[in-house]
Amino acid sequence: MAKETRVRFAPSPTGPLHMGGVRTALYNYLYAKKRGGKFILRIEDTDSQRFVPGAEEYIIEALEWCGISPNEGIKEGKIAEIADKENPYAPYRQSQRRGIYRKYAEELVDKGFAYYAFDTSSALDKMRKDAEETGETFTYNHSVRESLDNSLTISKEELSRRLDESDHWVIRFKMPIDKIIKMTDLIRGEIEVNSSTLDDKVLWKAADELPTYHLANVVDDRLMEISDVIRGEEWLPSLPLHYMLYEAFGWSDIRPSFAHLSLLLKPDGKGKLSKRDGDRLGFPVFPLEWRAPGGEISSGYREEGYYPDAFINMLALLGWNPGTQQEIFNLNELTEAFSLERVVKSGAKFNPEKAKWFNQEYLRQRDLLSLAEEFKPFLISKGIDKNDEYISSAVSMIKERASFVKEFWSLSDFLFTAPQSYDTAVKAKFWKESTPAILKEISESLKVMENFDKESIEQKISQLIKENGWQTGSVMNCLRLLLVGESKGPGVADIMSLIGREESISRVERGLE
Ligand code: GLU
């Protein structure tokens, strides 16, 4: 039987989820979904110094808003802490798994793949400084380890004495010398690295009794039976060490497969997309608004009025392509179409205009009643009370011009309230001496028309223009000026038929005064 697909999204709660992180989660979700597998959330919080309160809750809420909630690792909207049928590997928060890792680190020491190191941080700092002064960089690796303060050079007795004496020690991986590490990445193909270029990374620290990222990540991927690791490119340099750890534990034949996703790039393609680019160019880089513990607020796609399915659709295509011209995909269609083979190696340039375009497409697909529902709170906040039918008709006249529901008001305010002022440029261009009399005559005819629907209004006005030899441009623009206050909006007859006879006539008469 084929192995069950089990993938994980393993963020560290060091702040809000960047849209690049959401894309990593999305690709994991799609990959698992397509194979009928599990999409797991694991919180990697072993670095207590970088922990940010609220970040974990933010991550869970963001995935939920995107519609890609994990199906393992969460219980009732929170990280699962107690093992049960749905969450057999709980807890899914590494700080609560701290008791697990030490024995794995010690197993590696026993097997000769790791060692204890006692070097103090001041001693290491000094070596770094000294190296810098001669233009070099200090690396804790095979070339220096025998001359440093660690268990490789002391007796067994001394070792046990020193381990008992204090907790200022760590366990380091003993990177083999001159070994060609051959790796496979599902996106990048075969990769080779000579182990001599790598350092002896810390795996476990006695001071806080916690593993580092590398040990916890590899051990948990094994214990949670992860089949495929799909993560950001920034973790590619760690892959050789992870391969070596799998080998040292004797897990090489059950190692997951790996895929490293390229970065999301700034709109000009020059470097990684950052929050600063968003601030500078006016687009969010976070799915939801984020209030930093210090008080700073960063905008989110949700609060900017994006639909989650539009956001997800846009993100999916940043770095993956379906191989066809199709651009609009709902989540099910994405699941069907997605494959890692079509994920690109190069970075994906983020285009904020394209993001808006996606939202506009999704807005257009929505029915009028749903849009009216979304628009209603804006109207209510302005003290406007109109029924669904009226709001739907108003929306039908302007929706093609909007990318967001929040734009509806400025596109349609005149359908709900009479103009408060009149655009002087429009007046200067079209208003003539004869205009007041003409508009008065039109308004009188409107009063006595039998049916006040769009067609009848159109017919009536064009009939009057024709019979009297008026100038169409001047008449229509001035009429619009009195109804709207400026030159925007749908057809004059559309506006009048919606706002109704009484309101239309009152606006014309008030304008003439
Ligand atoms: N905790 C790592 C992060 O914050 C996870 C890396 C991985 O997926 O292995 O991105």
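As a starting point, this report considers the structure included with it. (Residues numbered from 1 in each chain as written. Predicted model: local features only at pLDDT ≥ 70, side-chain atom pairs only at ≥ 80, totals over all residues. Heavy atoms only, no water.)

Let's talk about the sheet that holds strand S6 (residues 170-173)
- Read from one edge of the open sheet, four strands run S5-S6-S9-S10, paired in antiparallel fashion. Every interior strand has two partners, whereas the edge strands, strand S5 (114-117) and strand S10 (210-211), have only one.
- As judged from the three bridges shared by S6 and strand S9 (residues 202-205), these two strands associate in the antiparallel manner. By the bridge assignment, Ile-171 is partnered in S9 with Trp-204. (Pairing = 2+ DSSP bridges. Helix = DSSP H or I, 4+ residues; strand = E, 2+ residues; numbered from the N terminus.)

Structural notes on the site of the ligand
- Surveying the vicinity of the ligand reveals the residues Arg-8, Ala-10, Ser-12, Glu-44, Tyr-213, Asn-217, Arg-231 and Trp-235.
- The side chain of Arg-8 places a nitrogen or oxygen atom 2.8 Å from an oxygen atom of the ligand.
- Protein chains bury 85% of the 300 Å² of accessible surface belonging to the ligand in isolation.
- Counting atoms within 2 Å of the grid points, the majority share of the ligand lands in the largest pocket.
- Along the lines of polarity and charge, the residues of the shell around the ligand split into three nonpolar, two polar and three charged. (Near = heavy atom within 4 Å. Polar contact = N/O pair within 3.5 Å; in protein donor to acceptor, adjacent residues only side chain to side chain. Areas by Shrake-Rupley, 256 points an atom, 1.4 Å probe, with all protein chains shown as cover. 1 Å grid on protein atoms, 1.4 Å probe; cavity = no way out; pocket = protein on both sides within 12 Å on 5 of 7 lines; lining within 4 Å. Sits in = over half its atoms within 2 Å of the grid points. Nonpolar A, V, L, I, M, F, W, Y, C, P; charged D, E, K, R; others polar.)

So, the packing of helix H12 (residues 368-381) against helix H13 (residues 388-398)
- Relative orientation of the contacting elements H12 and H13 amounts to 100 degrees, with a least axis distance of 9 Å. Classified by the angle their axes make, H12 and H13 are roughly perpendicular. In this structure, H12 uses Leu-368, Leu-369, Leu-371, Ala-372, Glu-373, Phe-375, Lys-376 and Leu-379 to contact H13, whose residues at the interface are Asp-388, Ile-391, Ser-392, Val-395 and Ser-396.
- Counted by class, the contact of H12 with H13 contains eight nonpolar, two polar and three charged residues. (Axes fitted to C-alpha atoms, helices over the stretch in contact; angles between N-to-C directions. Parallel < 35°, antiparallel > 145°, perpendicular 65-115°, else oblique. Contact = heavy atoms within 4.5 Å.)

Comments concerning helix H19 (residues 492-499)
- Counting buried residues along H19, seven of its eight residues qualify, which places the element largely inside the surrounding structure.
- Within H19 the residues assigned to the buried category are Val-492, Ala-493, Asp-494, Ile-495, Met-496, Leu-498 and Ile-499.
- Its buried side turned inward, H19 meets H13, helix H16 (435-448), helix H17 (454-468), helix H18 (472-484) and helix H20 (501-512).
- Positive phi appears at Gly-500, one or two residues downstream of H19, with a value of about 95 degrees. (Buried < 20%, exposed > 50% of the residue type's maximum accessible area, 1.4 Å probe, protein only.)

A word on the environment of Lys-382
- Here Lys-382 lies in the loop between H12 and H13.
- It is 34 Å that separates the C-alpha atoms of Lys-382 and Gln-459, two residues lying 77 residues apart in sequence.

Concerning unusual backbone geometry
- Here the bond from Ala-90 into Pro-91 is cis, since omega is 0 degrees, no more than 30 degrees from zero.
- Tracing the backbone through its elements, the reader meets Pro-91 in the loop between strand S4 (78-79) and helix H3 (98-110).
- Within the chain, Glu-76 stands out as a residue other than glycine whose phi angle is a positive 45 degrees.
- Mapped onto the fold, Glu-76 is located in the loop between strand S3 (74-75) and S4.
- Its identity as a non-glycine residue notwithstanding, Asp-178 has a phi of 55 degrees, on the positive side.
- Tracing the backbone through its elements, the reader meets Asp-178 in the loop between S6 and strand S7 (180-185).

Observations regarding the layout of surface pockets
- Its boundaries defined by the atoms lining it, the largest pocket holds a volume of some 1,300 Å³.
- Together, 50 residues line the largest pocket, and Pro-11, Ser-12, Thr-14, Glu-234 and Trp-235 are the ones closest to its centre.
- Secondary-structure elements contributing two or more residues to the lining of the largest pocket are strand S1 (6-9), helix H1 (19-34), helix H6 (213-223) and strand S11 (228-232).
- For the second largest pocket, the calculated volume is near 370 Å³.
- Elements with a contribution of two residues or more to the lining of the second largest pocket: helix H4 (121-133), S6 and S9.
- For the lining of the second largest pocket, the element with the highest residue contribution is H4, accounting for four residues.
- Across the lining of the second largest pocket, the residue classes break down as nine nonpolar, four polar and six charged. (Points joined across faces, edges and corners; volume = space filled by probe spheres on them.)

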